[in-house]
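# Descriptive structure summary
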Amino acid sequence: MKLENKVAIITGASSGIGEATAKLLAAEGSTVVLTARRVDKLKSLEAEINKSGGKALAIAADVTKLKDLEKVAKETLDAFGQIDILVNNAGLMPLSFVKNLHVAEWDQMIDVNIKGVMYGVAAVLPTMMEQKSGHIINISSLAGRKIVPSAAVYCATKFAVTAFSEGLRAELTPEQNIRVSVIEPGAVATELTTTITDGDVLKNILPFFTDIKPLQAVDIAEAILYAVTRPKHVNVNEILILPTAQS
């Protein structure tokens, strides 16, 4: 098992990429701490992993609240004594054209996609610095490199994730032995598109996702597994992963 004796915290673990990542890391020997707001789904996943021979602990948390993530980190340390991996996966994508002024949705994306990532790092970084080891995985997107109409705010949040990750990596020293990786998926078959309320997007943009064969959540989970199982002297800074049909 590639991750035996490791402990991973995964945000947004109740579905999609988070759920697939939890299952895959657990299958490779990692203890997985599952966090999201949907307690019923977390508990179901926790039971499934434990029943299959893995080790999982579900802790409900809202990534927009620093105290929630600090609680997750504390309970993880109390239960397992270490935090080796953080997968900052929680995210929202209510695409909308700026002119339609879905300002409340802009605020949601900023809170979850940017602050949620920063708060996750804030919760685990002191432990990783004390351990002198750790791996932070931040889920960005192709949208963190390429701006498209209807995604101005979403792209802005993902550009921020990439910038924050690069800044964090630049501040950490080799002696601290903390790696930072950014995973940048293209179109993935997840619940992300279910948060879109803008009628113009639903009519003109959303059909794109049905015109190509998207990535599956497990494809991203496998990219995460690749990053966290490299030798200690190897840091995978970025993985951009797209469907073959997506340009």
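## A short note on the environment of Glu-46
With respect to the helices, strands and loops of the structure, Glu-46 is situated in helix α2 (residues 39-51). Take Glu-46: its relative accessible area is 14%, and that puts it in the buried class. Here Ala-58 takes part through its backbone nitrogen, which lies 3.0 Å from a polar atom of the side chain of Glu-46.

## Quick word on helix α8 (residues 217-228)
Taking 1.5 Å as the rise per residue, α8 with 12 residues should run 16 Å; its terminal C-alpha atoms sit 17 Å apart, in good agreement. Listing the buried residues of α8 in full gives Ala-217, Ile-220, Ala-221, Ala-223, Ile-224, Leu-225, Ala-227 and Val-228.

## Details of the sheet that holds strand β6 (residues 178-185)
Across the sheet, 7 strands lie side by side as β3-β2-β1-β4-β5-β6-β7; this open sheet has parallel pairing. The sheet is open, and its two edges are formed by β3 (55-58) and β7 (238-241), each paired on a single side. Each adjacent strand pair in this sheet contributes to an overall mean axis angle of 15 degrees, direction not counted. Relative to strand β5 (residues 134-139), strand β4 (residues 85-88) is paired through 4 bridges, and the arrangement is parallel. Across the sheet, residue Leu-86 finds its bridge partner in β5, namely Ile-136. Helix α1 (residues 16-27) contacts β1 (7-11), β2 (31-35) and β4 of the sheet and is inclined by roughly 170 degrees relative to β1.

## Here we look at the packing of aromatic side chains
This model, assessed by the stated rule, comprises 0 aromatic pairs. Over the ring of Tyr-226 we find Arg-230, and its NZ or CZ is 4.0 Å from the ring centre.

## Brief notes about the pairing of β4
Neither face of β4 is open: one carries Ile-85 and Val-87, the other Leu-86 and Asn-88, and all of them are buried. For the handedness criterion, the β-α-β arrangement of β4, helix α4 (residues 103-131) and β5 is classed as right-handed.

## Points about the side chain of Asn-138
For Asn-138, the location among the structural elements is in strand β5. A polar contact of 3.0 Å, which involves the side chain of Asn-138, links it to the side chain of Asn-88. Here the side chain of Asn-138 touches Ser-165 through a polar contact of 2.8 Å, side chain to side chain. Beyond its immediate sequence surroundings of up to four residues, Asn-138 is in contact with Asn-88, Val-117, Val-121, Val-161, Ser-165, Val-180, Ser-181, Val-182 and Ile-183.

## A word on the pairing of β1
For β1, a buried count of 5 out of 5 residues is recorded, marking the element as mostly surrounded by other parts of the structure. Burial along β1 is two-sided: Val-7, Ile-9 and Thr-11 facing one way and Ala-8 and Ile-10 facing the other are all buried. The sheet contact formed by β1 and β2 spans 5 bridges and is parallel. Each residue of the ladder has a partner; that of Thr-11, found in β2, is Thr-35. At this point the chain moves from β1, through α1, to the parallel β2, and the crossover so formed is right-handed. Pairing between β1 and β4: 3 bridges, direction parallel.

## Considerations on the environment of Ile-9
Secondary-structure assignment places Ile-9 in strand β1. If near-sequence neighbours (up to four positions away) are discounted, Ile-9 is found in contact with Val-33, Thr-35, Val-72, Ala-73, Thr-76, Ile-83, Ile-85, Leu-86, Val-87 and Val-124.

## Quick look at the packing of helix α3 (residues 66-80) against α4
Contact pair α3 / α4: the axes reach a minimum separation of 9 Å and the direction vectors enclose 35 degrees. In this structure, α3 crosses over α4, and the sense of that crossing is right-handed. When α3 is examined against α4, the residues Leu-66, Leu-69, Glu-70, Ala-73 and Leu-77 are found in contact with a partner set consisting of Gly-116, Tyr-119, Gly-120, Ala-122, Ala-123 and Thr-127. For the contact of α3 with α4, a count of residues per class yields 7 nonpolar, 3 polar and 1 charged.

## Regarding the pattern of salt bridges
By the definition in use, this model includes 9 salt bridges. Two residues, Arg-145 and Glu-238, come together in a salt bridge whose shortest N-O distance is 2.7 Å. One end of the pair, Arg-145, is in the loop between β5 and α5 (152-171); the other, Glu-238, is in strand β7, with 93 residues separating them in the sequence. A relative accessible area of 31% places Glu-238 in the partly exposed class. Three or more residues joined by partner-sharing salt bridges are found here, namely Glu-19, Lys-23 and Glu-48.

Procedures and definitions
- Residues numbered from 1 in each chain as written.
- Predicted model: local features only at pLDDT ≥ 70, side-chain atom pairs only at ≥ 80, totals over all residues.
- Heavy atoms only, no water.
- Helix = DSSP H or I, 4+ residues; strand = E, 2+ residues; numbered from the N terminus.
- Buried < 20%, exposed > 50% of the residue type's maximum accessible area, 1.4 Å probe, protein only.
- Polar contact = N/O pair within 3.5 Å; in protein donor to acceptor, adjacent residues only side chain to side chain.
- Expected span 1.5 Å × (residues − 1).
- Pairing = 2+ DSSP bridges.
- Axes fitted to C-alpha atoms, helices over the stretch in contact; angles between N-to-C directions.
- Contact = heavy atoms within 4.5 Å.
- Phe/Tyr/Trp six-rings, centres within 6.5 Å; stacked < 30°, edge-to-face > 60°.
- Lys NZ or Arg CZ within 6 Å of the ring centre and 35° of its normal.
- Right-handed = clockwise from strand over helix to strand, strands pointing away.
- Left-handed = near helix turned anticlockwise from the far one by under 90°.
- Nonpolar A, V, L, I, M, F, W, Y, C, P; charged D, E, K, R; others polar.
- Salt bridge = Lys/Arg side-chain N within 4 Å of Asp/Glu carboxyl O.

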